[in-house]
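Here are the chains, one letter per residue:
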Amino acid sequence: MVKKMKKKLNFDVCTFCNHKCSFCSNSDERTIKYQTSLDEFQKVMSNVLRYVECDELGLSAKGEVLVNSDFTKIVRSCKEDFHIPYLYISSNGALLDEKKAIEIIDAGMDSIKFSINAISREHYKEVHKVDDFEKVIANFKSLIALKRHNYPKLKIFLSSVIDMSKEELKSSFRKLLGEEDYAFIDGVSLYALTYTPKFEVHSDAKVTSKCSIPFRELYINSDGTLGLCCKDYFDEVNFGSLLEHDFMDVYNSDAFTEVREMHKKSEFPDGHLCKNCLLYDGGI
């Protein structure tokens, strides 16, 4: 019997997106665009879970997961076929109206996070490059109502990449949503601007920061390949197809072993994705 390794698992089942956020590389023409079919998802998960113990699974990263036409079927498969205890997504929320929310919650979704990177319609258009603010807020309030009245175990989170303090962010959304609705949010996260490959990073500095992702997490691209992490929009680091190769062969490949050694030693080639990310100072 194979002794399974315990890893945090993220399967990015859709890299198409309906928004073009200013801080994100998704809209860059170099970003790989694909949506995972139900059949591909099941084949990859069957391969991975022979060797990996998975207590929680994220299904979103570089795109808008609800664009995937097989998404509800994928959610149901996570519960019925693979018995994933905790399933979560992050979404911009524009496509998550009440009907869609009920559909994916009934299929087995445990946690939904809305990424809302502005607190006004005008600012939202500047950041997201679409005029969806009022629709997104309405969808978020609708989701809260579903939790209040029908799905009390559902986890609801909110995140923002925005230039304000966390307390200011909380206060702004408390006013926007109203105290009664705000009370049903399980958490609010303020994210700093982090590295994405459209940002140019040029530095000869020594890397001193550490990253646990190559050791503790697994990131599966939408095309079924094993990637490095959600920062790799342009597919710079790809370890091989989990549709074509056994998971352990890909995980223990020379390429992945080399990346883990780089992180252990904090030594990276110039221009390497990991070096750029670890040296990124927040500028655009």
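See above for the structure.
Throughout what follows, the structure given in this document is the object of discussion. (Residues numbered from 1 in each chain as written. Predicted model: local features only at pLDDT ≥ 70, side-chain atom pairs only at ≥ 80, totals over all residues. Heavy atoms only, no water.)

### Brief notes about the overall build of the protein chain
Here's step 1: Helix and strand counts for the protein chain stand at eleven helices and eleven strands.
Here's step 2: For 284 residues, the compact-globule estimate of 2.2 N^0.38 gives 19 Å, and the protein chain sits close to it at 19 Å.
Here's step 3: Projected onto its principal axes, the C-alpha coordinates of the protein chain cover approximately 55 × 45 × 30 Å.
Here's step 4: Expressed as a percentage of its 284 residues, the buried residues of the protein chain come to 52%. (Helix = DSSP H or I, 4+ residues; strand = E, 2+ residues; numbered from the N terminus. Rg over C-alpha atoms; globule rule 2.2 N^0.38 Å. Buried < 20%, exposed > 50% of the residue type's maximum accessible area, 1.4 Å probe, protein only.)

### A word on unusual backbone geometry
Here's step 1: Of note in the backbone geometry, His83 takes a positive phi value of approximately 55° without being a glycine.
Here's step 2: Mapped onto the secondary structure, His83 falls in the loop between helix H2 (71-80) and strand E5 (86-91).
Here's step 3: Classification of His83 by relative accessible area gives exposed; the value is 58%.
Here's step 4: A positive phi is found at Ser266, a non-glycine position, where the angle reads about 55°.
Here's step 5: With respect to the helices and strands, the residue Ser266 is situated in the loop between helix H10 (254-265) and helix H11 (273-279).
Here's step 6: Note on Ser266: relative accessible area 10%, which makes it buried.

### Digging into the nonpolar core
Generally speaking, nonpolar side chains in soluble globular proteins are found buried as a group.
Here's step 1: With 77 residues, the main nonpolar core has Phe41, Leu57, Leu59, Phe71, Ile112 and Phe247 as its most contacted residues.
Here's step 2: Ranked by residues supplied to this core, first place goes to helix H5 (residues 133-149) with seven residues.
Here's step 3: Beyond its immediate stretch of four places on either side in the chain, Leu59 contacts Phe11, Asp12, Val13, Phe41, Val65, Phe71, Ile74, Val75, Cys78, Leu87, Tyr88 and Ile89.
Here's step 4: Formed by seven residues, the second largest nonpolar core is a distinct cluster that contains Cys21, Cys24, Val127 and Phe234. (Core = buried A, V, L, I, M, F, W, Y, C linked by side-chain atoms within 4.5 Å. Contact = heavy atoms within 4.5 Å.)

### Some details on empty space enclosed by the protein
Here's step 1: Applying the stated criterion across every chain yields a total of one cavity of 30 Å³ or more.
Here's step 2: Of the volumes computed, that of the largest cavity is approximately 80 Å³.
Here's step 3: Lining the largest cavity are Asp12, Thr15, Ile32, Tyr34, Lys62, Tyr219, Asn221, Ser222, Asp223, Thr225, Asp235 and Asn238.
Here's step 4: For the lining of the largest cavity, the class distribution of residues is three nonpolar, five polar and four charged. (1 Å grid on protein atoms, 1.4 Å probe; cavity = no way out; pocket = protein on both sides within 12 Å on 5 of 7 lines; lining within 4 Å. Points joined across faces, edges and corners; volume = space filled by probe spheres on them. Nonpolar A, V, L, I, M, F, W, Y, C, P; charged D, E, K, R; others polar.)

### Notes on the packing of aromatic side chains
Here's step 1: The full count for this structure, using the stated rule, is nine aromatic pairs.
Here's step 2: Measuring from ring centre to ring centre gives 5.5 Å for Tyr124 and Phe133, while their planes differ by 55°; the resulting arrangement is tilted. Like Phe133, Tyr124 is buried.
Here's step 3: Relative to Phe256, the ring of Tyr251 has its centre 5.3 Å away and its plane inclined at 75°; by these criteria the two rings are edge-to-face.
Here's step 4: A residue is classified by how much of its surface remains accessible, and Phe256, at 2% relative accessible area, is buried.
Here's step 5: Note that Lys62 overlies the ring of Tyr233, its terminal NZ or CZ placed 6.0 Å from the centroid.
Here's step 6: Just above the ring of Phe256 sits the side chain of Arg260; from NZ or CZ to the centre is 4.2 Å. (Phe/Tyr/Trp six-rings, centres within 6.5 Å; stacked < 30°, edge-to-face > 60°. Lys NZ or Arg CZ within 6 Å of the ring centre and 35° of its normal.)

### Structural notes on the sheet that holds strand E4 (residues 56-58)
Here's step 1: Pairing is mixed in the open sheet, where nine strands are placed in the order E8-E7-E6-E5-E4-E2-E9-E10-E11. Each end of this open sheet is capped by a strand with a single partner; those strands are strand E8 (187-190) and strand E11 (238-241). Within the sheet, the average angular offset between the axes of one strand and its neighbour, ignoring direction, is 25°.
Here's step 2: Pairing geometry for strand E2 (residues 8-11) and strand E9 (residues 217-220), over four bridges, is parallel. Across the sheet, the residue bridging to Lys8 is Glu217, located in E9. (Pairing = 2+ DSSP bridges. Axes fitted to C-alpha atoms, helices over the stretch in contact; angles between N-to-C directions.)

### Describing the environment of Leu87
Here's step 1: With respect to the helices, strands and loops of the structure, Leu87 is situated in strand E5.
Here's step 2: Each C-alpha atom, one on Leu87 and one on Ile104, is 11 Å from the other, the two residues being 17 residues apart in sequence.
Here's step 3: Once residues lying within four places of it in the same chain are set aside, the contact partners of Leu87 are Leu57, Leu59, Val75, Cys78, Lys79, Gly108, Met109, Asp110 and Ser111.

### Here's the deal with the layout of surface pockets
Here's step 1: Considered as a void within the structure, the second largest pocket measures approximately 160 Å³ in volume.
Here's step 2: Considering the residues around the second largest pocket, the lining is formed by ten residues, among which Phe23, Val127, Val161, Ile162 and Asp163 are closest to the centre.

### As for helix H4 (residues 121-128)
Here's step 1: All buried positions along H4 are accounted for by Tyr124, Val127 and His128. Along H4, the residues classed as buried sweep out an arc of 80° about the axis, all on the same side.
Here's step 2: Lining the buried residues of H4 we find strand E6 (111-115) and H5.
Here's step 3: Lys129 sits one or two positions beyond H4 and adopts a positive phi of about 65°. (Arc of directions from axis to C-beta.)

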